[in-house]
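So you can see what is in the structure, the chains are spelled out below.
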Amino acid sequence: MDIKYIIKEARYYAKLNGFSRAFKKFLLTQTPLRKIVNTPLYNRIYLAKIRKKAGKLQPKILQIENTNLCNAKCIMCPHVIMKRKGKIMKFGEFKKILDNVMKNYDFKRLTISGFGEPFVDKNIIEKIAYANEKYPKLKVDVYTNASLITKEITDRLLGTNIDRITFSINGTKKNYKKIMALDYRNTKKNVLYLLKEKKRRKHKVLTNMSLMILKENERDVKDFIDFWSALADSVRVYAPSDWAGSVRNIEKKVLFKGKRWPCTGLWNNITVDVKGNVIMCCRDYESKVKFGNLLKEDIKKIRNSEKFKELLERQLKFDFSDAICRNCDNSFDSSLDWIC
């Protein structure tokens, strides 16, 4: 792998999560040290780490699904089979949810995205601006396919203190339309304008280009990296997810085989769907597992409920039988997250 690319990615993740975490993850995934992960000695040390940290962790990342509507039809995404009714979260609902959690927890990051294209929501800029104004230390992210980010929207977006934008592009000119059913020239034009304006305005926003490796695009991964790494802060290419067994045409690729560990996401993250329900995680695209509703209940009450505490206890007992957990293909991350 190109050393310049590695250094650039290290800088990006150091800005995002701090140098220590980025360095540990690099060592345990990109160097020969990855061979020690899930060895007997590693497992013994790691289990002790989990037992020590589990009672102390507080949620740091809040994800609010501002809409579950999407204008794309990605072949690797279960959105096309989703049964939840499409909705855009009202501005008043967004404020109520955000205020509910912020009065109880010291969140570091807010992701305004979910199981939809966030810019279908015409009020997303106002929601970002509200978070910026009321909670200036809170870093705000969005994940977008970029097809709806016109010049006007870009100009308004760069008028906020948005901290990170991840562009889910997932292909090149050769295969983009087949993968996402969107117009490549339009998307590319939108992204290039934003990157140009970011540079001109000297905006601090971190930009990440994202590609899920599929059989349709795997031959073009290098071209994708070469083109976008010269323009964006980061280019992420990653093994596909089958969304807890929901997408059948996805070939699973697991980084670490063997031991499965409790998922730190249940401790670190709070995921809220478009109706205000606190759900298990972002893999739960149908909101099957609900713990309460932030438009009606206090977040502390939800997090202290028997239902939620029982879920954490099952995880610590290595019981992954819950509807979403038992088929989760993202579990390899748990082999690192407690120590990183």
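Analysis parameters
Residues numbered from 1 in each chain as written. Predicted model: local features only at pLDDT ≥ 70, side-chain atom pairs only at ≥ 80, totals over all residues. Heavy atoms only, no water. Helix = DSSP H or I, 4+ residues; strand = E, 2+ residues; numbered from the N terminus. Buried < 20%, exposed > 50% of the residue type's maximum accessible area, 1.4 Å probe, protein only. Contact = heavy atoms within 4.5 Å. Patch = residues over 30% accessible without salt bridge, like charges linked within 9 Å, V, L, I, M, F, W, Y side chains within 5 Å. Areas by Shrake-Rupley, 256 points an atom, 1.4 Å probe, with all protein chains shown as cover. Salt bridge = Lys/Arg side-chain N within 4 Å of Asp/Glu carboxyl O. Lys, Arg positive; Asp, Glu negative; His and termini not counted. Charge placed at Lys NZ, Arg CZ, Asp CG, Glu CD. 1 Å grid on protein atoms, 1.4 Å probe; cavity = no way out; pocket = protein on both sides within 12 Å on 5 of 7 lines; lining within 4 Å. Points joined across faces, edges and corners; volume = space filled by probe spheres on them. Nonpolar A, V, L, I, M, F, W, Y, C, P; charged D, E, K, R; others polar. Polar contact = N/O pair within 3.5 Å; in protein donor to acceptor, adjacent residues only side chain to side chain. Pairing = 2+ DSSP bridges. Axes fitted to C-alpha atoms, helices over the stretch in contact; angles between N-to-C directions.

Novice: In this structure, what is going on with the side chain of Asn 43? I would like to understand it.
Specialist: Turning to its location among the elements, Asn 43 is positioned in helix H3 (residues 40–53). Relative accessible area serves as the criterion here: at 17%, Asn 43 is assigned to the buried category. Once you skip the residues sitting within four places of it in the chain, Asn 43 turns out to touch Asn 38, Lys 259 and Trp 261.

Novice: For this particular structure, what's the right way to read a positive patch on the surface?
Specialist: The grouping of Lys 24, Lys 49, Lys 52 and Lys 56 at the surface amounts to a positive patch. With respect to the helices and strands, the residue Lys 24 is situated in helix H2 (residues 19–30). Exposure remark for Lys 24: the relative accessible area of 35% places this residue in the partly exposed category.

Novice: Sorry, what's going on with empty space enclosed by the protein here?
Specialist: By rolling a water-sized probe across the atoms, one finds the places where empty space is left. Within this structure, the stated rule accounts for one cavity of 30 Å³ or more. What the largest cavity holds in volume is close to 60 Å³. In terms of lining residues, the largest cavity is bounded by Leu 266, Asn 269, Ile 270, Thr 271, Val 278, Ile 279, Met 280, Phe 291, Arg 303 and Phe 308. Contributing elements (two or more residues each) for the lining of the largest cavity: strand S7 (269–272) and strand S8 (277–279). Ranked by the residues each element gives to the lining of the largest cavity, the list is headed by S7, at three residues. Per-class residue counts for the lining of the largest cavity are seven nonpolar, two polar and one charged.

Novice: Is there a simple way to explain the side chain of Thr 67 in this structure?
Specialist: With respect to the helices and strands, Thr 67 occurs in the loop between strand S1 (61–64) and helix H4 (91–102). Here Lys 87 takes part through its backbone oxygen, which lies 2.9 Å from a polar atom of the side chain of Thr 67. Contact partners of Thr 67, with chain neighbours within four places excluded, come to Lys 87, Ile 88, Phe 115, Gly 116, Glu 117, Pro 118, Val 120, Asp 121 and Val 274.

Novice: What is the right way to look at the sheet that holds S1 in this model?
Specialist: Where strands meet in a sheet, backbone hydrogen bonds hold them as pairs that are either parallel or antiparallel. Pairing in this open sheet of nine strands is mixed, and the strands run S6-S5-S4-S3-S2-S1-S7-S8-S9 from one edge to the other. Looking at strand neighbours, the two that pair on one side only are strand S6 (234–238) and strand S9 (290–293), the edges of this open sheet. In this sheet, neighbouring strand axes are inclined to one another by 25° on average, regardless of whether the strands run parallel or antiparallel. Contacts from helix H8 (residues 184–201) reach strand S4 (164–168) and strand S5 (206–212) within the one sheet, and its direction differs from that of S5 by about 155°. Sitting on the sheet, helix H9 (residues 221–229) is in contact with S5 and S6, with an inclination near 165° to S6.

Honestly, it's all geometry; don't read function into it.
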